[in-house]
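What follows is each chain in one-letter form.
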Amino acid sequence: MDFSYNENQKMIADMIQKFGKQNITPFVREWDDAQIFPVDVFKKLGELGLMGVLVPTEYGGSGFTYTEYVTAIEELSILDPSVGLSMAAHNSLCTGHILQFGSEEQKKKWLPKLATAEWIGAWGLTEHNTGSDSGGMATTAVKDGDDWILNGAKNFITHAISGDVAVVIVRTGEKGDSHGMSAFVIEKGTPGFSSGRKEDKLGMRASETAELIFDNCRVSNDNLLGNVGDGFIQAMKVLDGGRISIASLGLGIAKGAYQSALQYSKEREQFGKPISHFQAIAFKLADMATEIEASELLIYNAADKKNKGERMTLEGAMAKYYSSEVAVKVANDAVQVLGGYGYTKDFPVERFYRDSKLCTIGEGTSEIQKLVISKQIIG
Ligand SMILES: Cc1cc2nc3c(=O)[nH]c(=O)nc-3n(C[C@H](O)[C@H](O)[C@H](O)COP(=O)(O)OP(=O)(O)OC[C@H]3O[C@@H](n4cnc5c(N)ncnc54)[C@H](O)[C@@H]3O)c2cc1C
C-alpha cells in the first residue's frame, strides 16, 4: 500500500490550509469561547466541494473516495476540530445515509443540496435514555394512511438547530427487535418537528449539539429510506464508514497538538537549553510521533477496505478506537510539554485537550469499539 498523498489529497490539503489561514484560524478562539457554529464557513467549505466529498458528481458532489475524505477531515481538524466534527457529521451521517440507502428519486431530491452545503444535514440516532444501546430507542413512527406520525426526541444531535434536513432512526416495531426501527428524512419546517436545548460543552464548542423534538410530526411514506424495519441495520452500516471520519478527526487533533508541542519544545529554554534536549520531553515527542503514525496506518487501511467495497467493521472500529485514545493522550502530553502555557488559551493545545475527548465518545465510545472488535475477533 502506498501511503504518500495522491494528487487529489495534495490539492485538498493545500486548499484547506490556504482557506483556513483566512477563514478559520483567526476566529477559532472566538467561536470556541462563545460556542458559535460558523455557518458561513460551512457554506464556503461547501463551495470548495468539502460537504459532498463522497457524493458522486452526478448529484453535485466531489466524487472522491475515503482516502481524500480522511485527508480533508484531518487537515480541517488540525485547524479546528469543531469544524472537522461538523464536516464529518454532515458528510458521513446525514448525507452518507441518503447516499447509501436512498432511492434514486430521494438521492436526486436531497443530495445536490447537501453536497453543496446549500442545506446543512443532521443525523439522529441517540436519545436521552439510549446512547450506546441505541436499539432501545423510544421515539416512534406510527403509520397513518400514507403517512407516518413521529413522537419523541433525539439527543446530542450535531446541527439539530442549524440543520435544514435530518435523517432520523425511530421505532416502527417492537423493542428488542433489530428490525423494529426505520429511517426517515425530515425537512426543517415540517409541522411538529423542532429543535430543543443546545448543549454547553467541554470541547467541540464550535460544533452545534442539541435536541431534535417530534410532536405528532407527520411525514410522507416517500421520506422513508429503504424498507420499514431496515433503519437500525442501515445506521450500523453508516457508522462503519462514520468511524473512519471520527478516527481522522482524532488524527488531526493529535497532529495539531504534536506540531505545537514540537515547535514549543525547540524554542522554550530551561536550565540553559531547549526543553526538547531533556529526554523526558524528547521521549514524549517520540511517543506522540509513533502513535500518530500508527493511527494513520490504521485509518488508511480501513479507508482502503471501504474504497474497495470490502467489509471493514473490524478495521473501522480499530482505527476509531486507537486514533481517539491517541488524540486524548497526545493532547494531554502536549499540554504537559507546554507546562503552564499549555494550560492557557494562548496556545491551541488547551483546546485540543478539551476537543479530543469527544473522539472517545461520539459515534460509539471506546468501550463500544472494544465490544465490536472483540465480537469480530472472537466470533
Ligand atoms: C458532541 C457530540 C456530538 C454528537 N453528535 C451526534 C449526532 O449527530 N447524532 C447522534 O445520533 N448522536 C450524536 N452524539 C451522541 C453520541 O453518539 C453518544 O453520546 C454516544 O454514543 C454515547 O452514548 P451516551 O452518551 O448515551 O453514553 P452511554 O451509552 O450512557 O454510556 C455511558 C458509559 O457507559 C459505557 N457503556 C455503555 N454500554 C456499555 C457496554 N455494553 N459495555 C461497556 N461499557 C458500556 C460507555 O462506553 C460510556 O463510558 C453526539 C455526542 C456528542 C457528545
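Cut-offs used in this document
Residues numbered from 1 in each chain as written. Predicted model: local features only at pLDDT ≥ 70, side-chain atom pairs only at ≥ 80, totals over all residues. Heavy atoms only, no water. Axes fitted to C-alpha atoms, helices over the stretch in contact; angles between N-to-C directions. Helix = DSSP H or I, 4+ residues; strand = E, 2+ residues; numbered from the N terminus. Parallel < 35°, antiparallel > 145°, perpendicular 65-115°, else oblique. Left-handed = near helix turned anticlockwise from the far one by under 90°. Contact = heavy atoms within 4.5 Å. Nonpolar A, V, L, I, M, F, W, Y, C, P; charged D, E, K, R; others polar. Phe/Tyr/Trp six-rings, centres within 6.5 Å; stacked < 30°, edge-to-face > 60°. Buried < 20%, exposed > 50% of the residue type's maximum accessible area, 1.4 Å probe, protein only. Lys NZ or Arg CZ within 6 Å of the ring centre and 35° of its normal. Core = buried A, V, L, I, M, F, W, Y, C linked by side-chain atoms within 4.5 Å. Disulfide = S-S within 2.5 Å. Expected span 1.5 Å × (residues − 1). Bend = angle between axes of the 7 residues up to and from the residue. Polar contact = N/O pair within 3.5 Å; in protein donor to acceptor, adjacent residues only side chain to side chain. 1 Å grid on protein atoms, 1.4 Å probe; cavity = no way out; pocket = protein on both sides within 12 Å on 5 of 7 lines; lining within 4 Å. Points joined across faces, edges and corners; volume = space filled by probe spheres on them. Near = heavy atom within 4 Å. Areas by Shrake-Rupley, 256 points an atom, 1.4 Å probe, with all protein chains shown as cover. Pairing = 2+ DSSP bridges. Salt bridge = Lys/Arg side-chain N within 4 Å of Asp/Glu carboxyl O.

A. Region of the structure containing the packing of helix H5 (residues 81-101) against helix H6 (residues 104-115). Interhelical geometry of H5 versus H6 gives an angle of 160° and a closest axis separation of 9 Å. By the angle class used here, H5 and H6 are roughly antiparallel. The interaxial crossing formed by H5 with H6 has left-handed handedness. Of the residues in H6, those in contact with His90, Cys94, Thr95, Ile98, Leu99 and Phe101 of H5 are Gln106, Lys107, Trp110, Leu111 and Leu114. Along the lines of polarity and charge, the residues of the contact of H5 with H6 split into seven nonpolar, three polar and one charged.

B. How the structure looks around the packing of aromatic side chains. According to the stated counting rule, one finds nine aromatic pairs in the structure shown. Aromatic pair Tyr341 and Phe347: ring centres 6.2 Å apart, planes at 70°, arrangement edge-to-face. Under the relative-accessibility criterion, Tyr341 is labelled partly exposed at 43%. A residue is classified by how much of its surface remains accessible, and Phe347, at 29% relative accessible area, is partly exposed. Through pairs of rings, three or more aromatic residues link up here, namely Tyr264, Tyr341 and Phe347. Between Lys113 and the ring centre of Trp119, over which it is positioned, the NZ or CZ distance is 4.7 Å.

C. Molecular detail of the nonpolar core. Counting 63 residues, the largest nonpolar core has Ile24, Leu45, Leu50, Tyr69, Met87, Leu249 and Met288 as its most contacted members. The greatest single-element share of this core, amounting to eleven residues, is contributed by helix H7 (residues 231-267). The next biggest cluster of nonpolar side chains, apart from the first, holds 26 residues, and it includes Cys94, Leu99, Val167 and Ile169.

D. Here's a closer look at the state of the cysteines. For the coordinates displayed, the defined rule picks out zero disulfides. No disulfide involves Cys94; its sulfur sits 15 Å from the nearest other cysteine sulfur, which is in Cys217. For Cys217, a relative accessible area of 0% translates into the label buried.

E. View of the side chain of Ser295. Here Ser295 lies in helix H8 (residues 279-307). Taking relative accessible area as the criterion, Ser295 reaches 2% and is therefore assigned buried. Beyond its immediate sequence surroundings of up to four residues, Ser295 is in contact with Leu251, Tyr322, Ser323 and Val326.

F. Spatial organisation of H5. The terminal C-alpha atoms of H5, which comprises 21 residues, lie 28 Å apart, in line with the 30 Å expected from a rise of 1.5 Å per residue. Most pronounced at Thr95, the bend in H5 amounts to some 40°. Taking burial as the measure, the 21 residues of H5 include 19 buried ones, the bulk of the element. Measuring from the backbone nitrogen of Ser82 back to the side-chain oxygen at the start of H5 gives 3.0 Å, which picks out Asp80 as the cap.

G. Representation of helix H10 (residues 349-356) within the structure. Counting buried residues along H10, seven of its eight residues qualify, which places the element largely inside the surrounding structure. Listing the buried residues of H10 in full gives Val349, Glu350, Arg351, Phe352, Arg354, Asp355 and Ser356. Of the surrounding elements, those touching the buried residues of H10 are helix H2 (28-34), helix H4 (66-79), H5, H7 and helix H9 (313-342).

H. Focus on the layout of surface pockets. Of the volumes computed, that of the second largest pocket is approximately 480 Å³. Lining the second largest pocket are 22 residues, with Ser260, Phe347, Pro348, Arg351 and Phe352 sitting closest to its centre. Contributing elements (two or more residues each) for the lining of the second largest pocket: H2, H4, H7 and H10. The biggest single contributor to the lining of the second largest pocket is H7, with six residues.

I. Seen up close, the site of the ligand. Around the ligand, the structure places 18 residues, and the nearest of them are Thr126, Ser132, Phe156, Thr365 and Glu367. Interatomic distance of 2.8 Å between a backbone N/O atom of Leu125 and an oxygen atom of the ligand. Contact between the ligand and Thr158: a nitrogen atom at 3.0 Å from a side-chain N or O atom of the residue. In isolation the ligand offers 970 Å² of accessible surface; the protein chains occlude 65% of this area. Among the secondary structure elements, those contributing two or more residues to the shell around the ligand are strand E1 (121-124), strand E3 (147-158) and helix H11 (366-378).

J. A look at the pairing of strand E7 (residues 209-220). Pairing between E3 and E7: nine bridges, direction antiparallel. For Gly152, the partnering residue across the bridge sits in E7 and is Phe214. As defined by bridge partners, strand E6 (residues 193-198) adjoins E7 across four bridges and the pair is classed as antiparallel. In the strand pairing of E7, Ser195 is matched with Leu212.

K. Molecular detail of the pattern of salt bridges. Considering all chains together, one arrives at 18 salt bridges under this definition. Taking the shortest distance from any N to any O, the salt bridge between Glu74 and Lys255 comes out at 2.6 Å. Residue Glu74 is found in helix H4, and its partner Lys255 is found in helix H7; the two are separated by 181 residues along the sequence. The pair Glu74 / Lys255 is uniform in exposure class, with both members buried. Lys308 is the salt-bridge partner of Asp304, the closest N and O atoms lying 2.8 Å from each other. Looking at Lys308, the relative accessible area reads 54%, which means it is exposed.

L. Local environment of the environment of His179. Mapped onto the fold, His179 is located in the loop between strand E4 (165-171) and strand E5 (181-187). Taking C-alpha positions, His179 is 6.8 Å from Phe232, a pair spaced 53 residues apart along the chain. In this view, His179 contacts Gly229 and Ile233; residues no more than four positions away in its chain are not counted.

The values are spatial; any link to function lies outside them.
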